[in-house]
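Observations on the model geometry
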Amino acid sequence: MPGCVVTPRAETPAVGGPEQTGRDTVIVGYTVYTPPGSDVLTTDQFRIRGEVCEVTGQPGDWGRNPFTGTAGPVQFAADRVTG
């Protein structure tokens, strides 16, 4: 999807449960801002920096900027989980 801004996330989702604590799980997380009106679903995948990432949680539409009235981005978390 052209026109996106991708930022690394400092915090990653918690990994828990005996199935996960016994392995070397690595979660790489990003925050993605897509152009206004983008249709992003929780079941979508995105290629970010060459890696396939899953949308994590519900994407959020910023709506309108209260200062400028322009449309805001759609924001979502994307993660790549290995291990």
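Note that this is a predicted model, so its numbers are computed, not measured.

**Details of the pairing of strand 3 (residues 45-48)**
Residue alternation in strand 3 divides its side chains into a buried set, F46 and I48, and an unburied set, Q45 and R47. Where strand 3 lies against strand 4 (residues 51-61), four bridges are found, and the strand directions are antiparallel. Among the inter-strand pairings, I48 is bridged to a residue of strand 4, identified as E51. Once strand 3 ends, the chain turns through two residues before running back antiparallel as strand 4, passing R49 with a positive phi of about 50°.

**What about the side chain of R9?**
Mapped onto the elements of the fold, R9 is located in the loop between strand 1 (5-8) and helix 1 (18-21). A polar contact of 3.5 Å, which involves the side chain of R9, links it to the backbone oxygen of A78. In terms of polar contacts, R9 uses its side chain to reach the side chain of D79, at 2.4 Å. Apart from the residues lying within four places of it in its own chain, the contact partners of R9 are G29, Y30, T31, A77, A78 and D79.

**Considerations on the pattern of salt bridges**
One pass over the structure, following the stated rule, counts two salt bridges. When the shortest N-O distance is used, the salt bridge between D79 and R9 registers 2.4 Å. Of this pair, D79 sits in strand 5 (residues 74-82) while R9 sits in the loop between strand 1 and helix 1, and the two are 70 residues apart along the sequence. Residue D79 is classed as buried on the basis of its relative accessible area of 4%. A salt bridge links E51 to R80; the shortest N-O distance between them is 3.8 Å. Here R80 lies in strand 5 and E51 lies in strand 4, a separation of 29 residues in the sequence. On the basis of relative accessibility, which here comes to 36%, the residue E51 falls in the partly exposed class.

Rules of the game
Residues numbered from 1 in each chain as written. Predicted model: local features only at pLDDT ≥ 70, side-chain atom pairs only at ≥ 80, totals over all residues. Heavy atoms only, no water. Buried < 20%, exposed > 50% of the residue type's maximum accessible area, 1.4 Å probe, protein only. Helix = DSSP H or I, 4+ residues; strand = E, 2+ residues; numbered from the N terminus. Pairing = 2+ DSSP bridges. Polar contact = N/O pair within 3.5 Å; in protein donor to acceptor, adjacent residues only side chain to side chain. Contact = heavy atoms within 4.5 Å. Salt bridge = Lys/Arg side-chain N within 4 Å of Asp/Glu carboxyl O.

Just geometry here; none of it tells us what the structure is for.
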